[in-house]
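# Commentary on secondary and tertiary structure
What follows is each chain in one-letter form.
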Amino acid sequence: MKKSKRITISGIAELAGVSKSTASQVLNGHSKKFRISDATRDRVLAVAAEHHYQPSIHARSLNVTRSYTLGLVVPEMTNYGFAACSNELENLCRENGMQLLIACTDENTSQEMMVVNNLIQRQVDGLIVASSMLNDAEYLKISQQLPVVLFDRHMSDTALPLVVCEAIESSAALVEKVAKHQQEEFYFLGGQPRISPTRDRLAGYQLGLERAGVNLKPEWILYGNYHPSSGYEMFANLCARLGRPPKALYVASCGLMEGVLRYMSQHKLLESDIHLCSFDDHYLYDSLSVKIDTVAQDCRELAIHCFDIVTGLINEQQPAQNQCYLSPQLHWRHADTLSES
């Protein structure tokens, strides 16, 4: 089937019986400014509507030195938190006439710079980045060309705009309450210790145990990465070492919890009396037989703050708050913790 040719401003002008400049002025909303009659305006708009005219984003960007695209850089799209934030950002971009380009780094710093440079080559107007870098040197250079907003993860003493969910006090509040019921044994499963989400969630776990009067044992802390397979492996090894499931467990992400739950399902442990708690919530947790107390991030709020800051910077407006720490909610599901909420 032969594709019909997309109509241009010249084609609309010819069909409407006006000059190309008149058609352009009408289609760009400047008919009053140039004193174009209502009849002429209506005729041009009718032709445009009949032929489903859409302005070229490339021509638009040439005229205003903008591409109307944002770049989002995340470690992986299968992570529930990143997927939820990406979805919210894509909705915000679409509602505001923009396009979101997403690139994944697989927690590899070399790959991260490659995908970032690819996005810059595609003339994105700004970048929103969950970085695997340990310092902001590269992004400070990039920020001289276009706005960069860091999210989910922070770097020491960065001056770049930042949007993260507070993790230390919220994790401490959850762990303290659980530890009052499980003082004998309380393990921690985390991702890579070099990145800030692991460090902050571990610091909150340690603070919660301290506030509950529980003496932390070094063997309670286990590290892997944030893939579900890592959660499965760490939990399997722990159960093998103990000869049973641990009495209480704080899991640092939904991805790790997915692996834990898969092992528990395969080994018929979902009805055990383990006290599970986690950073990050998931709507499916309400449907499980095993109860999970969580620190619940608001992914929509994260996305809104990132979008507002980066679009403000694109329009040369400095944010009222350069670094934003959002407060999560604690979601209690166990009967013993619910009774004290």
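The model shown is predicted, which means the values in this text are computed figures rather than measured ones. (Residues numbered from 1 in each chain as written. Predicted model: local features only at pLDDT ≥ 70, side-chain atom pairs only at ≥ 80, totals over all residues. Heavy atoms only, no water.)

Secondary structure assignment for the protein chain yields 13 helices and 12 strands. Taking 341 residues into account, the globule formula puts the C-alpha radius of gyration at 20 Å, and the protein chain, at 26 Å, lies well above it. Oriented by its inertia axes, the alpha-carbon framework of the protein chain measures out at about 85 × 45 × 40 Å. Taking all 341 residues of the protein chain together, 52% fall into the buried category. (Helix = DSSP H or I, 4+ residues; strand = E, 2+ residues; numbered from the N terminus. Rg over C-alpha atoms; globule rule 2.2 N^0.38 Å. Buried < 20%, exposed > 50% of the residue type's maximum accessible area, 1.4 Å probe, protein only.)

Now for the packing of aromatic side chains. Taken as a whole, this structure holds eight aromatic pairs when the rule is applied. Aromatic pair Phe82 and Phe151: ring centres 6.1 Å apart, planes at 80 degrees, arrangement edge-to-face. One end of the pair, Phe82, is in helix α5 (residues 80–95); the other, Phe151, is in strand β4 (residues 148–151), with 69 residues separating them in the sequence. Relative to Tyr263, the ring of Tyr232 lies with its centre 5.4 Å away and its plane at 75 degrees, an arrangement referred to as edge-to-face. Of this pair, Tyr232 sits in helix α10 (residues 228–242) while Tyr263 sits in helix α11 (residues 254–266), and the two are 31 residues apart along the sequence. Residue Tyr232 is classed as partly exposed on the basis of its relative accessible area, which comes to 23%. The ring of Trp332 is capped by Lys177, whose NZ or CZ atom sits 4.4 Å from the centre of that ring. (Phe/Tyr/Trp six-rings, centres within 6.5 Å; stacked < 30°, edge-to-face > 60°. Lys NZ or Arg CZ within 6 Å of the ring centre and 35° of its normal.)

Below, the discussion takes up the sheet that holds strand β2 (residues 99–104). Pairing within the open sheet is parallel, and its six strands lie in the order β2-β1-β3-β4-β5-β11. Because the sheet does not close on itself, it has two edges, and the strands there are β2 and β11 (323–326). Neighbour-to-neighbour, the strand axes of the sheet open up by a mean angle of 15 degrees, direction not taken into account. In the sheet, strand β1 (residues 69–74) pairs with β2 via six bridges, with the strands oriented parallel. Paired with Val74 across the two strands is Cys104, which belongs to β2. In the packing of α5 onto the sheet, contacts are made with β1, β2, β3 (126–129) and β4, and the angle to β2 comes to roughly 155 degrees. Here helix α6 (residues 109–121) sits on the sheet and contacts β1, β2 and β3; the angle it forms with β1, its principal contact strand, is near 175 degrees. (Pairing = 2+ DSSP bridges. Axes fitted to C-alpha atoms, helices over the stretch in contact; angles between N-to-C directions. Contact = heavy atoms within 4.5 Å.)

So, on to the pairing of β1. Buried residues dominate β1, accounting for six of its six residues. Side chains of β1 alternate between two faces, with Thr69, Gly71 and Val73 and Leu70, Leu72 and Val74 buried alike. Each parallel crossover has a hand, and the one from β1 via α5 to β2 is right-handed. Bridging between β1 and β3 involves four bridges; their strand directions are parallel. Note on β3: the bridge partner recorded for Val73 is Val129. (Right-handed = clockwise from strand over helix to strand, strands pointing away.)

Under the domain assignment used here, the protein chain contains domain 1 (9–62), domain 2 (69–165 + 299–327) and domain 3 (167–297 + 330–337). Centre-to-centre, using C-alpha coordinates, domain 1 lies 36 Å away from domain 2. (Domains from an automatic or database assignment.)

A complete count under the given rule lists 13 salt bridges for this structure. The salt bridge partner of Asp38 is Arg41, with a shortest N-O separation of 3.5 Å. One end of the pair, Asp38, and the other, Arg41, are both in helix α3 (residues 38–50), three residues apart, so they sit about a helical turn from each other. Note on Asp38: relative accessible area 49%, which makes it partly exposed. By relative accessible area, Arg41 is classed as partly exposed at 24%. In this structure, Arg153 and Glu107 form a salt bridge, with 2.6 Å as the shortest nitrogen-oxygen distance. Within this pair, whereas Arg153 is found in the loop between β4 and β5 (162–165), its partner Glu107 is found in the loop between β2 and α6, the two being separated by 46 residues in sequence. One continuous salt-bridge network, built from bridges that share partners, spans Asp38, Arg41 and Asp42. (Salt bridge = Lys/Arg side-chain N within 4 Å of Asp/Glu carboxyl O.)

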